[in-house]
Amino acid sequence: MNSIKTKVCSSCESSFGCGNISPENTCWCNDFPPIFNLSKGGDCLCPECFKEACIDKIDAYVETITPKKAHKNKAISLPKTEKIIEDIDYYIENGNYVFKTWFHLKRGTCCGNACRHCPY
């Protein structure tokens, strides 16, 4: 621990910090859903490119979900995180948080509030 490395994004070539400072203060990428396999020889993406890659992969997955498939989706089994991420879990519309399908899939059930993006 205790090491932040300066890395170069393999997509946009910008420099950014990567690494864990302590068990309580982990790398920014730990806030994102663990949906990627680390590739051998590849390097990390910067926060902006990583977020875009997550959004693209999640949106492609969400398009395959039907109400029947929603109850057995992959998001339910991912490690639970406290943090919700704008544009992945929600977006803001007229000052209101609107939860996206991914947020509902991670939750695992319908809350019964007739949410706009409920997959159930």
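Model, not experiment: these values are computed from the prediction.

On to the side chain of Asn73. Along the chain, the position of Asn73 falls in the loop between α2 (67–70) and β3 (90–93). From its side chain, Asn73 meets the backbone oxygen of Ala70 in a polar contact 2.7 Å long. With residues up to four places along the chain from it excluded, the contact list for Asn73 reads Tyr61, Ile65, Leu105 and Tyr120.

According to the stated counting rule, one finds eight aromatic pairs in the structure shown. Judged by centre distance (6.1 Å) and plane angle (70°), the rings of Phe16 and Trp28 are edge-to-face. Here Phe16, found in strand β2 (residues 15–18), pairs with Trp28, found in the loop between β2 and α1 (47–62); they are 12 residues apart in sequence, far enough to count as distant. For Phe16, a relative accessible area of 8% translates into the label buried. Between the aromatic rings of Phe99 and Phe103, the centroid separation amounts to 4.1 Å while the plane-to-plane angle is 25°, which identifies the pairing as stacked.

All right, on to the environment of Lys68 then. You can see Lys68 is positioned in helix α2. The exposure class of Lys68 is exposed, given its relative accessible area of 77%.

Our focus in this paragraph is the pairing of β2. Only one face of β2 is covered, namely the face carrying Phe16 and Cys18; the face carrying Ser15 and Gly17 is uncovered. Bridging between strand β1 (residues 5–8) and β2 involves four bridges; their strand directions are antiparallel. Across the sheet, Lys5 pairs through a bridge with Cys18, a residue of β2. Between the antiparallel neighbours β1 and β2 lie six residues, among them Glu13 with a positive phi of about 65°.

Another point: the nonpolar core. Among the nonpolar cores identified, the biggest contains 15 residues, and Phe32, Ile35, Cys54, Ile58, Ile88, Trp102 and Leu105 are the most heavily contacted of them. Only α1 and α3 (101–107) provide two or more residues apiece to this core. With five residues, the top contributor of residues to this core is α1. For Cys54, the contacting residues outside a window of four places in its chain are Phe32, Ile35, Phe36 and Ile88. In this structure, Cys9, Cys18, Cys27 and Cys46 belong to the second largest nonpolar core, which totals six residues.

Turning our attention to the pattern of salt bridges. According to the stated counting rule, one finds five salt bridges in the structure shown. Notably, a salt bridge pairs Asp87 with Lys51, separated by 3.6 Å at the nearest N-O pair. With Asp87 in the loop between α2 and β3 and Lys51 in helix α1, the pair connects residues that are 36 residues apart, well separated along the chain. Residue classification places Lys51 among the partly exposed positions, given a relative accessible area of 21%. With its nearest N and O atoms 2.8 Å apart, the salt bridge here joins Arg116 to Glu93. With Arg116 in the segment after α3 and Glu93 in strand β3, the pair connects residues that are 23 residues apart, well separated along the chain. Under the relative-accessibility criterion, Arg116 is labelled exposed at 53%. Given a relative accessible area of 29%, Glu93 falls into the partly exposed group.

Cut-off values and rules
Along every chain, residues carry numbers that run from 1 in the direction the sequence is written. The predicted nature of this model means local features are confined to residues of pLDDT at least 70 and side-chain atom pairs, given and counted, to a pLDDT of 80 or more, with totals for whole chains, interfaces and linings taken over all residues. Excluded from the side-chain calculations are hydrogens and water; all other atoms, namely the structure's heavy atoms, are used. In this text, helices come from DSSP runs of H or I with a minimum length of four residues, and strands from runs of E with a minimum of two, each type numbered from the N-terminal end. We call two N or O atoms a polar contact when they sit within 3.5 Å, provided that within protein one can donate a hydrogen and the other can accept it, with sequence-adjacent residues counted only if both atoms are side-chain atoms. Note on contacts: a residue pair is in contact if any heavy atoms of the two residues lie within 4.5 Å. For Phe, Tyr and Trp, where Trp contributes only its six-membered ring, two rings pair if their centres lie within 6.5 Å, and the inter-plane angle classes them as stacked under 30 degrees, edge-to-face over 60, or tilted in between. Burial classification: accessible surface area is computed with a 1.4 Å probe over protein chains only, and a residue below 20% of its type maximum counts as buried, one above 50% as exposed, and the rest as partly exposed. Only strands that DSSP links by at least two bridges are regarded as paired with each other. As used here, the term nonpolar core means buried Ala, Val, Leu, Ile, Met, Phe, Trp, Tyr and Cys residues forming a set that is joined through side-chain atoms within 4.5 Å. Should a side-chain nitrogen of Lys or Arg be within 4 Å of a carboxyl oxygen of Asp or Glu, the pair is scored as a salt bridge.

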